[in-house]
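Coordinates in review
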Amino acid sequence: MATAAVLERETYLNSGYGLKSWLLTKDHKRIAVLYFITISIFFALGGVFASLIRLELLTPQGDLVSSETYNKLFTMHGVVMVFFFLIPSIPATLGNFFLPMMIGARDLAFPRINLLSWYLLIAGGGFAVFAMVAGGVDTGWTFYTPYSTSYSNTYVIATAIGIFIAGFSSILTGLNFVVTVHRMRAPGMTWFRMPLFVWAHYATSLIQVLGTPVIAVTLLLVLCERSFHIGIFDPALGGDPVLFQHLFWFYSHPAVYIMVLPGMGVISEIVSTFSRKSVYGYAFVAFSSMAIAVIGFLVWGHHLFVSGQSLYAGLIFSFLSYFVAIPSAVKVFNWTATLYKGSISYATPMLYAFGFIGLFTIGGLTGLFVASLGMDVHVTDTYFVIAHFHYVMVGGTIMAYLGGVHYWWPKMTGRMYPEGWAKLSALIVFLGFNLTFFPQFILGYLGMPRRYHVYPEEFQILHVLSTAGATILAVGYVLPAIYFLWSLAYGEPAGPNPWRASGLEWQTPSPPPTHNFDRIPVVTEEAYNYARVVEEEIKVGQ
Amino acid sequence: MASEAHHLETLALREQFNTEEQQKDASTLGMWVFLITEIMFFGGMFLAYTIYRTTFPNVFGIASSSLNLPIGATNTCVLLLSSFTMVMAVRAAQLGQQKMIIFFLIITMLFGFAFLGIKAYEWTEKFEEHHVPAQAAFHLDGVTGPDQQGHAKLFFSLYFAMTGLHALHMVVGVSILAFIIWQTARGTYSAKYFTPVDIAGLYWHFVDVVWIFLFPLFYLIDRHLPK
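Residues numbered from 1 in each chain as written. Chains lettered and ligands numbered in written order. Predicted model: local features only at pLDDT ≥ 70, side-chain atom pairs only at ≥ 80, totals over all residues. Heavy atoms only, no water.

We now examine the overall build of chain A. Within chain A one finds 18 helices and zero strands. Against the globule reference of 24 Å for 542 residues, chain A gives a C-alpha radius of gyration of 23 Å, in line with a compact fold. The C-alpha extent of chain A, read off along each of the three principal axes, is 75 × 45 × 45 Å. For chain A, buried positions account for 61% of its 542 residues. Put simply, 83% of the contacts in chain A that link residues at least 6 apart link residues at least 24 apart. Within the structure as shown, chain A displays about 20400 Å² of accessible surface, and the carbon and sulfur contribution to it stands at 70%. Positive and negative side-chain charges of chain A, numbering 26 and 25 respectively, have mean locations separated by a distance of 12 Å. (Helix = DSSP H or I, 4+ residues; strand = E, 2+ residues; numbered from the N terminus. Rg over C-alpha atoms; globule rule 2.2 N^0.38 Å. Buried < 20%, exposed > 50% of the residue type's maximum accessible area, 1.4 Å probe, protein only. Contact = heavy atoms within 4.5 Å. Areas by Shrake-Rupley, 256 points an atom, 1.4 Å probe, with all protein chains shown as cover. Lys, Arg positive; Asp, Glu negative; His and termini not counted. Charge placed at Lys NZ, Arg CZ, Asp CG, Glu CD.)

So, in structure tokens, the structure goes:
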């Protein structure tokens, strides 16, 4: 009887079956699924480029691909991973799905704009993929002028148009989240009752809204310079290529926080759930997200320490870069303190959370190395920098993303993933990741420059280790793709709240009905009130 | 009665909202957030302008004085008048006077077209004067040497990029007005529900304000100096 009722219940998944019911949907949960499929494809594409790069670097000679092809490979790896995977990754999938549910809303404030932003990502991705198929682009993902405006003979225009359009997808997602958090909270859901995932996304949205237009206009100027021969950045006219770098990093450094802040939000949820405790120092963690968003806008000059920027500007940017480490450290300390006296269980999401905390700490601390003026001159444009930002982007964001997908998979699909396989692949990802990127710190410190495919023989052993690690890492990424698909058909039914978590998203059936809640909830308590959850469990004798 | 029923249908709340007030607040906040993104969008160009004008003040002054001031001033007046008629349209919407909304929006649109027409004439003029940076024959009188001609090209690059982007926003604005006129004619709005008229007004005023910055920065910077 009970099972029959569950099967007949209308969910967001069975409310319509045709292609049209997906492509014209206004349901934030379905749009999240569309995003999920899209960015998985881009992740695989970026992964293929990465694999080719690592294969080429197995030997000191350039034997697999030519120099020109290698330049295109690292450019397209960067473009795809940054603009079409990492930027939309957590906000557009997990954020889109769970932000409205966590604040007790039926949907985002602007469902049609939400759908539009997915189509913009597809359109932008279309341009970028066209550029790749037509012959690729070789400027590096940074598009530095005057190479990108005057000299490169590759598909700069199509790629830049693609990123320009995808930028508006990101802006509209941010706009939607800002308005939703301001105007759509359920009765009783005050600002300081919001889950930290929502705070993190709110901070992220502010960066998307304030930063992305600047990269858009910068790329527009590059396009105009290439196509119509106006000369904003052209040194031949007295223009300044360093101005391009300032404008580019004014967005692209905060963009790092667009990538990692949502991940931090995921980690707060996971650590709390699997310690069965409220996050230690809730307000500090909430405000640290806002602090990162604000201070993150003031550190871009640390990418220009060797670009002829004035020494005094360098000093200030160096100081501010140290300063932005404080709110990041607040989070790490508070997650650790949350574990203290918690009743910890080691489910897969928690393994990823542990991975995140450790790897993000290494990525963050090496960030301080490159934020110091003297050290940075030594390691600029070396593999040290590559290792540093991959520890933050891959060790941080992708760990959090995978952790979050495992954590909410039962809610999104109504099915459990196979725990044993998931734990194994989490372990493989952790080992493979470290083996790939730790040797790169040493390589960079020894002087291996980035973006070269021919290198001195003494570097080979470290490159071989790194490529071996990448192979292991690839296995760790393919395994979840397989068992997640498997679980759609064969996974155990999850029930509404398999983790016995406290958030609003767990108070509705899995998968959720189209309008999320049968009745809009009234919120009467703080987030993560595990004291109450545990008390109730004792009452019913669980 | 039929149009009354139609009203009720379109007045209906979108399903994600609880109250009409919440819906109006969300739409208005959304437009303000969008305008903030627009400020950042134009901001990158204003930054480039500020830096180059500080670096090459003399050439920028001379180049600025070569612009057609009467035409620029006329266009400024046209836009200010269009802002006035836009305000009147929003007022008419508040009072529920459908015909007046349409009347004032059409006037606003005509001002918008007038601005774009005058702007197009001005650009053509620049082309004939060889003031377009892409022209091989680019030449600005009064500045000497290839370096300074290069700096003059920077000025005109910024001029075309910024007025071009502004004109693009005018085109979008006129299209929005056309949509609002069509919706008003269908009877979508009433004294109770006119949020789209309101936020279209916000957008229109924003585009006007951008011009209020562009006009002095491009046309007026050196006019006070004795010739």
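There's more to say after this.
Attention now goes to the overall build of chain B. Counting its secondary structure elements, chain B contains seven helices and zero strands. When the backbone C-alpha atoms are referred to their principal axes, chain B occupies close to 75 × 30 × 30 Å. Scored against the burial criterion, the 227 residues of chain B give a buried share of 50%. For chain B, the share of sequence-separated contacts (at least 6 apart) that also reach a separation of at least 24 residues comes to 81%.

To continue, consider the pattern of salt bridges. Residues and elements named next belong to chain A. Counted by the stated rule, this structure contains twelve salt bridges over all chains. The salt bridge partner of Arg276 is Glu537, with a shortest N-O separation of 2.8 Å. Placement of Arg276 in the loop between helix 10 (241-275) and helix 11 (282-295) and of Glu537 in helix 18 (residues 530-539) is noted, with a sequence separation of 261 residues between them. By relative accessible area, which is 14% here, Arg276 ends up buried. Take Glu537: its relative accessible area is 10%, and that puts it in the buried class. Across the pair Glu537 and Arg500 runs a salt bridge whose closest N-O atoms are separated by 2.9 Å. Placement of the pair is Glu537 in helix 18 and Arg500 in the loop between helix 17 (460-490) and helix 18, with a sequence separation of 37 residues. Relative accessible area serves as the criterion here: at 38%, Arg500 is assigned to the partly exposed category. (Salt bridge = Lys/Arg side-chain N within 4 Å of Asp/Glu carboxyl O.)

Here we take up the side chain of Ser117 of chain A. All names here are of chain A. Tracing the backbone through its elements, the reader meets Ser117 in helix 6 (residues 111-134). Judged by relative accessible area, which is 1%, Ser117 ranks as buried. For Ser117, the side chain forms a polar contact with the side chain of Tyr35, separated by 2.9 Å. In this structure Ser117 touches Tyr35, Ser169, Leu172 and Thr173, once residues within four positions along its chain are discounted. (Polar contact = N/O pair within 3.5 Å; in protein donor to acceptor, adjacent residues only side chain to side chain.)

With that settled, the discussion passes to the confidence of the model for chain B. All names here are of chain B. The predicted model of chain B has a mean per-residue pLDDT of 92, with 94% of residues at 70 or higher. Across residues 1-10, where pLDDT falls below 50, the model places seven contacts with residues more than four positions away in sequence or in other chains. Predicted complex, confidence summary: ipTM 0.93, pTM 0.95. (pLDDT = per-residue confidence, 0-100.)

In this structure, Phe356 and Trp408 of chain A together with Phe218 of chain B are the most contacted members of the largest nonpolar core, which totals 249 residues. With near-sequence residues (within four places) excluded, Phe356 of chain A lies in contact with Val260, Gly263, Met264, Ile267, Trp335, Thr361, Gly395, Gly396, Thr397, Met399 and Ala400 of chain A. (Core = buried A, V, L, I, M, F, W, Y, C linked by side-chain atoms within 4.5 Å.)

To continue, consider helix 11 of chain A. Residue and element names in this part refer to chain A. Over its 14 residues, helix 11 runs 20 Å from end to end, which matches the ideal 20 Å to within 8%, given 1.5 Å per residue. Where helix 11 is concerned, the buried positions are Tyr282, Val285, Ala286, Ser288, Ser289, Met290, Ile292, Ala293 and Ile295. In the core, the buried residues of helix 11 are packed alongside helix 9 (196-228), helix 10 and helix 12 (311-339). (Expected span 1.5 Å × (residues − 1).)

Moving on, we come to the packing of aromatic side chains. A complete count under the given rule lists 68 aromatic pairs over all chains for this structure. For the ring pair Trp335 of chain A and Phe356 of chain A, a centre distance of 5.7 Å and an interplane angle of 80 degrees mean the geometry is edge-to-face. Placement of Trp335 of chain A in helix 12 and of Phe356 of chain A in helix 13 (residues 348-371) is noted, with a sequence separation of 21 residues between them. With a centroid separation of 5.8 Å and 25 degrees between ring planes, the pair formed by Phe369 of chain A and Phe384 of chain A is classed as stacked. Here the residue Phe369 of chain A occupies a position in helix 13, and Phe384 of chain A occupies one in helix 15 (residues 383-413), the gap between them amounting to 15 residues. Residue Phe384 of chain A is classed as buried on the basis of its relative accessible area of 5%. Residue placement shows Arg30 of chain A over the ring face of Trp22 of chain A; its charged tip is 4.1 Å from the ring centre. Positioned over the ring face of Trp182 of chain B is Arg186 of chain B, at 5.3 Å from the centre of the ring. (Phe/Tyr/Trp six-rings, centres within 6.5 Å; stacked < 30°, edge-to-face > 60°. Lys NZ or Arg CZ within 6 Å of the ring centre and 35° of its normal.)

Take the interface of chain B and chain A next. Taken together, the contact pairs 34 residues of chain B with 39 residues of chain A. Across the chain B/chain A interface, buried area totals approximately 3000 Å², and carbon plus sulfur atoms make up 74% of it. Among the residues of chain B in contact with chain A, Gln16, Met40 and Phe41 of chain B are the three that bury the most area, contributing 20% of the side total. In this assembly, chain B and chain A are joined by zero salt bridges. The tally of links between chain B and chain A comes to nine residue pairs in polar contact (both at pLDDT 80 or more). Of all the secondary structure elements, the ones that give two or more residues to the side of chain B that touches chain A are helix 2 (20-55) and helix 6 (145-185) of chain B. Among the elements that line the side of chain B that touches chain A, the one with the most residues is helix 2 of chain B, at 18 residues. Here the residues of the side of chain B that touches chain A sort into 20 nonpolar, ten polar and four charged. (Buried area = accessible area lost by both parts, 1.4 Å probe. Nonpolar A, V, L, I, M, F, W, Y, C, P; charged D, E, K, R; others polar.)

On to helix 6 of chain A, then. With 24 residues, helix 6 of chain A extends 35 Å from end C-alpha to end C-alpha; this agrees with the ideal 34 Å at 1.5 Å per step. Regarding helix 6 of chain A, the residues found buried are Pro111, Asn114, Leu115, Ser117, Trp118, Leu120, Leu121, Gly124, Gly125, Ala128, Ala131 and Met132 of chain A.

A few words now on the environment of Asp147 of chain B. Relative to the helices and strands, Asp147 of chain B resides in helix 6. In this structure the C-alpha to C-alpha distance between Asp147 of chain B and Leu29 of chain B, which are 118 residues apart in sequence, comes to 47 Å.

All names here are of chain B. Remark: helix 5 (residues 98-128) packs on helix 6, axes separated minimally by 9 Å, with the N-to-C direction vectors making an angle of 155 degrees. As summarised for this structure, helix 5 and helix 6 are arranged roughly antiparallel, according to the angle between their axes. When you trace helix 5 past helix 6, the crossing you get is left-handed. Grouping the constituent residues of the contact of helix 5 with helix 6 by class yields 21 nonpolar, seven polar and three charged. (Axes fitted to C-alpha atoms, helices over the stretch in contact; angles between N-to-C directions. Parallel < 35°, antiparallel > 145°, perpendicular 65-115°, else oblique. Left-handed = near helix turned anticlockwise from the far one by under 90°.)

This paragraph deals with unusual backbone geometry. Residue and element names in this part refer to chain A. Cis rather than trans, the peptide bond between Thr145 and Pro146 has omega equal to 0 degrees. For His229, which is not glycine, the phi dihedral falls at a positive 55 degrees. Locating His229 in the fold gives a position in the loop between helix 9 and helix 10.

On to the packing of helix 12 of chain A against helix 13 of chain A. Residue and element names in this part refer to chain A. Direction vectors running N to C along helix 12 and helix 13 enclose 160 degrees, while the axes themselves pass 10 Å from each other. In terms of orientation, helix 12 lies roughly antiparallel with respect to helix 13. As for the relative orientation of helix 12 and helix 13, their crossing is left-handed in sense. Within the contact between the two elements, helix 12 uses Ser318, Ser321, Tyr322, Ala325, Ser328, Val332, Trp335 and Leu339 and helix 13 uses Met350, Phe354, Phe356, Ile357, Phe360, Thr361, Leu368 and Ala371. Its residues placed into classes, the contact of helix 12 with helix 13 shows twelve nonpolar, four polar and no charged.

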